[in-house]
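Summary of the model geometry
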Amino acid sequence: MGIKENLDNIIKELPANVKLVAVSKTKPVGDILEAYLAGQRIFGENYIQELTEKQAQLPKDIQWHAIGHIQTNKVKYIASFVSLIHAVDSLKLLLEINKQAAKNNRVIECMLQIHIAEEETKFGLDFNECETLLKSNELEELFNIKIVGLMGMATNTDNSNQIRKEFKILKSFFDKIKSVSKSNIQITELSMGMSGDYKIAIEEGSTMIRVGSLIFGSR
Ligand SMILES: *Cc1c(COP(=O)(O)O)cnc(C)c1O
């Protein structure tokens, strides 16, 4: 099956409130253009250099999401165009995003990554760290970022009960901290679900799924 058919199969069952981020990491610009011509506008990339190279070559109305862990010193390369950064997990990174966004006269939307998986290796904040960060005074001074939601990755397992349990935990935390509202915090998006688990994620309240291999083929 082709990219357009793969996209159509996902979109036809997507609830109206759920956005699809087409994860194009390691895939050539030709594949992205094919998805673009089929109507897809939101693309997600993990690696900063790859993201900047692709952005330069592709239509300017694409909304590029940085979905992977970002090193602070790389933010400057994407600050002029990135529309949403999914995996923010420190105040230090927020400070840098704010600084680079200000240089570009922009407000960059961010999501805080929450650690929900069993694996030790995955990045992210725990619930306490997230609440502390959202309530910190330093955050109030950051006029060039906007925190719009939370992002999480479930354990990489075939056990769908385990995955569902982790998504449920994140959703209930999301519901709890949605009430934290400041000029630069408005938590409305919940980014969870990938090729293997996006259906479960939607059932559990995801508003944004990040799907790569199911659209573009395996990497
Ligand atoms: C690669 C990646 C995805 C997409 O993974 P697939 O299994 O190919 O759908 C989603 N989110 C993040 C953070 C990723 O790194």
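Above this text you will find the structure in question.
Let me begin by describing the structure that accompanies this report. Here the structure is a predicted model, which is why all the values come from computation and not from measurement.

This next bit is on unusual backbone geometry. Its identity as a non-glycine residue notwithstanding, Thr-26 has a phi of 70°, on the positive side. Mapped onto the elements of the fold, Thr-26 is located in the loop between strand E1 (19-23) and helix H2 (29-37). With a phi close to 55°, Asn-105 is a non-glycine residue in the positive phi region. Mapped onto the elements, Asn-105 comes out in the loop between helix H4 (91-103) and strand E5 (108-115). Take Asn-105: its relative accessible area is 74%, and that puts it in the exposed class.

Here we take up the pairing of strand E9 (residues 208-211). Burial along E9 is two-sided: Met-208 and Arg-210 facing one way and Ile-209 and Val-211 facing the other are all buried. Of the strand pairs in this sheet, E1 and E9 are connected by 4 bridges, and their pairing is parallel. Residue pairing in the sheet places Val-21 in a bridge with Arg-210 of E9.

So, about the packing of aromatic side chains. Taken as a whole, this structure holds 2 aromatic pairs when the rule is applied. Relative to Trp-64, the ring of Phe-43 lies with its centre 6.0 Å away and its plane at 40°, an arrangement referred to as tilted. Of this pair, Phe-43 sits in strand E2 (residues 42-45) while Trp-64 sits in strand E3 (residues 63-66); the two residues are 21 residues apart in sequence, bridging distant segments of the chain. As far as burial versus exposure is concerned, Phe-43 and Trp-64 are alike and both buried. A cation sits over an aromatic face here: Arg-41 above Tyr-36, 3.6 Å from the ring centre.

Once that is clear, we can look at the state of the cysteines. Within this structure, the stated rule accounts for 0 disulfides. Looking at the unpaired Cys-110, the closest cysteine sulfur is the one in Cys-130, lying at 13 Å. You can call Cys-110 buried: its relative accessible area is 0%. What makes Cys-130 buried here is its relative accessible area of 0%.

With respect to the element layout, Asn-98 can be found in helix H4. A relative accessible area of 11% places Asn-98 in the buried class. Contacts of Asn-98, omitting those with residues within four sequence positions, involve Leu-142, Phe-143, Asn-144 and Ile-145.

Another aspect to go through is the pairing of E2. Side chains Ile-42 and Gly-44 project from E2 onto one buried face, and the interleaved Phe-43 and Glu-45 project onto a second face that is buried too. In this structure, E1 lies alongside E2, joined through 2 bridges in parallel fashion. The residue bridging Ala-22 from the neighbouring strand is Phe-43, located in E2. With respect to chirality, the unit in which E1 leads through H2 into the neighbouring parallel E2 is right-handed. Two elements, E2 and E3, share 4 bridges in a ladder whose sense is parallel. Looking at E3, one finds that Ile-42 is bridged to Gln-63. Taken together, E2, helix H3 (residues 48-57) and E3 form a β-α-β motif whose crossover is right-handed.

Turning our attention to a positive patch on the surface. Positive charge collects at one region of the surface, where Lys-74, Lys-76, Lys-99 and Lys-103 lie side by side. By secondary structure assignment, the location of Lys-103 is in helix H4. The exposed category is assigned to Lys-103, whose relative accessible area is 60%.

Our next topic: the site of the ligand. Neighbouring residues of the ligand: 13 residues in total, closest Lys-25, Asn-46, Ser-195, Gly-212 and Arg-219. The separation between an oxygen atom of the ligand and a polar side-chain atom of Lys-25 is 2.7 Å. Contact distances for the ligand include 2.9 Å between a nitrogen atom and a side-chain N or O atom of Arg-210. In isolation the ligand offers 390 Å² of accessible surface; the protein chains occlude 90% of this area. Looking at the shell around the ligand, the elements with two or more residues in it are strand E6 (145-153) and E9. The class makeup of the residues in the shell around the ligand is 6 nonpolar, 4 polar and 3 charged.

So, how was this worked out
Within any chain, residue numbers begin from 1 and follow the written order of that chain's sequence. With the structure being a predicted model, the display of local features is reserved for residues of pLDDT at least 70 and the display and counting of side-chain atom pairs for 80 or more, all residues being used for whole-chain, interface and lining totals. Side-chain measures here rest on the full set of heavy atoms in the structure, leaving out hydrogens and waters. Strands are runs of DSSP state E lasting at least 2 residues, helices are runs of H or I lasting at least 4, and numbering of each runs from the N terminus. Using a 1.4 Å probe on the protein chains alone, a residue whose accessible area is under 20% of its type maximum counts as buried, one over 50% counts as exposed, and one in between counts as partly exposed. We call two strands paired when DSSP finds no fewer than two bridges between them. We call Phe, Tyr and Trp rings a pair once their centres come within 6.5 Å, taking the six-membered ring for Trp, and we label the pair stacked below 30 degrees between planes, edge-to-face above 60, and tilted otherwise. Working rule: Lys NZ or Arg CZ, within 6 Å of ring centre, within 35 degrees of ring normal, means a charge sits over the ring. Here, a disulfide means two cysteine sulfur atoms that sit within 2.5 Å of each other. Here, two residues are considered to be in contact whenever any of their heavy atoms come within 4.5 Å of each other. The definition of a right-handed crossover adopted here requires that, viewed with the strands pointing away, the path from the first strand over the helix to the second runs clockwise. In this scheme, patches are assembled from residues that exceed 30% relative accessible area and form no salt bridge. Like charges are connected within 9 Å, while nonpolar side chains (Val, Leu, Ile, Met, Phe, Trp, Tyr) are connected within 5 Å. Every accessible area reported is derived by Shrake-Rupley at a probe size of 1.4 Å, with residue values counting cover from the shown protein chains alone. We define a salt bridge as a side-chain nitrogen of Lys or Arg found within 4 Å of a carboxyl oxygen belonging to Asp or Glu. In summary, the charge assignment counts Lys and Arg as positive and Asp and Glu as negative, without counting His or the chain termini. To locate a charge, take atom NZ for lysine, CZ for arginine, CG for aspartate or CD for glutamate. Working definition: residue near molecule or strand if any one of its non-hydrogen atoms lies within 4 Å of it. Throughout this description, a polar contact denotes any pair of N or O atoms lying within 3.5 Å of each other; where both atoms belong to protein, one of them has to be capable of donating a hydrogen while the other can accept it, and for residues adjacent in sequence the pair is counted only when both atoms sit in side chains. All residues other than Ala, Val, Leu, Ile, Met, Phe, Trp, Tyr, Cys, Pro, Asp, Glu, Lys and Arg, Gly among them, are scored as polar; the first ten of these are nonpolar and the last four charged.

All we've got here are geometric facts, nothing functional implied.
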